[in-house]
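# Remarks on the overall topology
Next come the chains, spelled out residue by residue.
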Amino acid sequence: MKRRVLSVASECVPLLKTGGLADVVGALPKALTAHGWEMRVLMPAYPGLAENLKRPKVVWKDADLFGGPAQVLGGKVEGIEVLLLDAPHLYARDGGPYSDSAGDYPDNPERFAALCWAAAEIARDGLTDGWRPEVVHAHDWQGGFVPVYLRQAGVEDVRSVITVHNIAFQGRAGADKLAALKLSPADFNSEGFEFWGDISALKAGLVNADAITTVSPTYANELMRGEFGMGLEGVLQARASVLHGILNGVDTEVWSPETDPAIHPYGARTLSEKRKNRAALIKEFGLGPVPGPLAVVVSRLTTQKGLDLLPDLLAEFTWRGGGLVVLGSGGPEIEMALRHQADLNPRRIGIRTGYDEALSHRIFAGGDAVLVPSRFEPCGLTQMYGLRYGTVPLVAATGGLADTVIDANPAALSAGVATGIVFHPTDALGLEQALRRLVAMYDDTRTWRQLQRNGMKAELDWTRSSAAYAALYEGLFE
């Protein structure tokens, strides 16, 4: 009989995705099966999601969940056991999952506290079909209150885990919401979930969970330092004994250049075929000949991603023969600066805003190098997609980027293990020097091919990571 774990998250592939969190939440259930764990994913029933469930059944009800009736619908979506919290008063919104054109929903604290409350009730009493978890695994601030509600309900036989995907988002709310969020005033202090006079959902999880994980070993270490901890570094230092860095994986069936239906297929032994994708990408973006490396960016356009550093460096990069294709959206200033560079040099620089999954596959297949100059990066998936597709990553030395890309320094090149270009510090000069290295290495065909092949051989699936999660769950009962 498989052991049972309830995953609690605000999004999950294939139902809803705004970032890498959804990829992780969607990948873990399948990966854990091999290790004897059955995972069900609880998430909000945003508009239209319930239509994706196969033979849905009502498995939990609450007549008054944070202001209105609610039920949980259980069913399968692409092999994943999904539990959708159907509470129209909280989730039936015309905008996105967290905000609309006017900004964040003002009742977000209640919306995700309700998700956590439902998770804790399911952990305490089980579902109507008899399923009850042994572990509840919460993700980011949206799941942060789960360990608190478990403790308040006196649930002692269910363990709790919280994963920090990005500590910059902490789910803060005013102290006046204590009663509305069903939180005990006794815990509103520096040892509990109080954070600079506010309630912090993420801190609540970090203080109360039986174990804390984050999405790469380096990020776990970084979080205990002031420049990365976003004010919670002291909490994580105090809980260092239960903090684990487990690197994310990628779905190597979805991200496979040999079987990807969106591209012209190729593999490590047929890398010459990759150039057909390069030519198609140049044509799709209306570029001219690119004699040097065609760099690509698939990202949110934010300062966190370091992309504010890029526009001022493009004149030299393109002068040296490089080209750039960008797919992303975010900060209007960064987008405007990149568009200005594209207007100045439309034959070398192309930009598309928004997100398009199929286009992202074509970009990774057609690019020569993927740029990820992040100031901090908990894990990052784009550099892994780059490795899979022989699109050499150029990354900053932080978080999961440092854990997944081996810099092409003399020692690594001599040992035959280099997979990309890693630079530090993350500033304009560091990125400028890294781009110069990129051009030089691209011109060295033999070295470039070796980087590509090394990257394509890297083990990036969920095999090791899922084993680590399974071991962590089991260790909670020792």
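So, a few notes on the structure that sits alongside this text. Please read these numbers as outputs of a predicted model, since none were measured by experiment.

Cut-offs used in this document
- Residues numbered from 1 in each chain as written.
- Predicted model: local features only at pLDDT ≥ 70, side-chain atom pairs only at ≥ 80, totals over all residues.
- Heavy atoms only, no water.
- Salt bridge = Lys/Arg side-chain N within 4 Å of Asp/Glu carboxyl O.
- Helix = DSSP H or I, 4+ residues; strand = E, 2+ residues; numbered from the N terminus.
- 1 Å grid on protein atoms, 1.4 Å probe; cavity = no way out; pocket = protein on both sides within 12 Å on 5 of 7 lines; lining within 4 Å.
- Points joined across faces, edges and corners; volume = space filled by probe spheres on them.
- Nonpolar A, V, L, I, M, F, W, Y, C, P; charged D, E, K, R; others polar.
- Pairing = 2+ DSSP bridges.
- Axes fitted to C-alpha atoms, helices over the stretch in contact; angles between N-to-C directions.
- Contact = heavy atoms within 4.5 Å.
- Phe/Tyr/Trp six-rings, centres within 6.5 Å; stacked < 30°, edge-to-face > 60°.
- Buried < 20%, exposed > 50% of the residue type's maximum accessible area, 1.4 Å probe, protein only.

## Some thoughts on the pattern of salt bridges
The tally for this structure, following the rule as stated, stands at 24 salt bridges. Across the salt bridge formed by Arg93 and Asp107, the nearest N and O atoms sit 2.6 Å from each other. Placement of Arg93 in the loop between α2 (88-91) and β6 (99-100) and of Asp107 in the loop between β7 (103-104) and α3 (108-125) is noted, with a sequence separation of 14 residues between them. Among the salt bridges present, the one from Lys305 reaches Glu377, with a minimum N-O distance of 2.9 Å. Taken together, the positions of Lys305 in the loop between β15 (294-301) and α10 (314-319) and Glu377 in the loop between β18 (369-372) and α13 (382-388) put the pair 72 residues apart, joining distant regions of the chain.

## What about the layout of surface pockets?
When its volume is computed, the second largest pocket comes out at roughly 700 Å³. Along the wall of the second largest pocket there are 28 residues; nearest its centre are Gly26, Ala27, Lys30, Asp251 and Val254. Residue assignment for the lining of the second largest pocket shows that the elements contributing at least two residues are α1 (20-33) and α18 (463-475). The greatest single-element share of the lining of the second largest pocket, amounting to 5 residues, is contributed by α1. Of the residues that constitute the lining of the second largest pocket, the class distribution is 14 nonpolar, 6 polar and 8 charged.

## Thoughts on the sheet that holds strand β3 (residues 54-62)
Read across the sheet, 9 strands follow the order β3-β4-β5-β2-β1-β8-β9-β13-β14 without closing on themselves; strand pairing throughout is mixed. Two strands lie at the open edges of the sheet, namely β3 and β14 (243-245), each paired on one side alone. Looking at each pair of strands side by side, their axes are set apart by 25° on average, direction ignored. Bridging between strand β9 (residues 159-164) and strand β13 (residues 211-214) involves 4 bridges; their strand directions are parallel. Directly across from Ile162, in β13, lies its bridge partner Ile212. Strands in contact with α1 are β1 (3-8), β2 (37-44), β5 (80-86) and β8 (135-139); relative to β2, the strand with the most contacts, it is inclined by about 155°. In the packing of α18 onto the sheet, the strands contacted are β1, β2, β8, β9, β13 and β14, and the crossing angle to β2 comes to about 95°.

## A closer look at the packing of aromatic side chains
On inspection of all chains with the given rule, the structure shows 14 aromatic pairs. Between the aromatic rings of Trp37 and Tyr473, the centroid separation amounts to 5.1 Å while the plane-to-plane angle is 65°, which identifies the pairing as edge-to-face. Within this pair, whereas Trp37 is found in strand β2, its partner Tyr473 is found in helix α18, the two being separated by 436 residues in sequence. Since its relative accessible area comes to 0%, Trp37 is described here as buried. Plain terms: the ring middles of Phe188 and Phe193 are 6.3 Å apart, the flat faces sit at 45° to each other, and that makes the pair tilted. For Phe193, a relative accessible area of 1% corresponds to the buried category.

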